[in-house]
Amino acid sequence: MSFISDAIEMALTRLTKQLLEHGAHHATSLVCAQGEFYRAEIRLERIDPADIARHLPDVPPLVK
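Cut-offs applied
- Residues numbered from 1 in each chain as written.
- Predicted model: local features only at pLDDT ≥ 70, side-chain atom pairs only at ≥ 80, totals over all residues.
- Heavy atoms only, no water.
- Helix = DSSP H or I, 4+ residues; strand = E, 2+ residues; numbered from the N terminus.
- Expected span 1.5 Å × (residues − 1).
- Pairing = 2+ DSSP bridges.

Caption draft 1: Region of the structure containing the environment of Thr 16. Among the structural elements, Thr 16 can be located in helix α1 (residues 6-21). Put simply, Thr 16 and His 26 are ten residues apart on the chain and 9.4 Å apart in space, counted from C-alpha to C-alpha.

Here's what the structure looks like:
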């Protein structure tokens, strides 16, 4: 997993919240960026809190 920017992470967090509020775990859209069209998808996949370190390799584990 990589973080591109704080602004993108915040936007993804807001999008995730809105999807969950509508009972959705997947969204697909057509977007235009820099004069090109793209198919954009987001799929929410719940993870176990115990596995967070595996998804965030830059964060040291809390328990050794």
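Caption draft 2: Spotlight on α1. Look at α1: 23 Å from first C-alpha to last across 16 residues, which is about the 22 Å you get at 1.5 Å a residue. The positive-phi residue at the C-terminal boundary of α1 is Gly 23, with phi of around 70°.

Caption draft 3: Layout of the pairing of strand β1 (residues 26-33). One ladder, built from eight bridges, connects β1 with strand β2 (residues 36-43); its direction is antiparallel. Paired with His 26 across the bridge in β2 is Arg 43. Two successive antiparallel strands, β1 and β2, enclose a turn made up of two residues, where Gln 34 displays a positive phi of approximately 55°.

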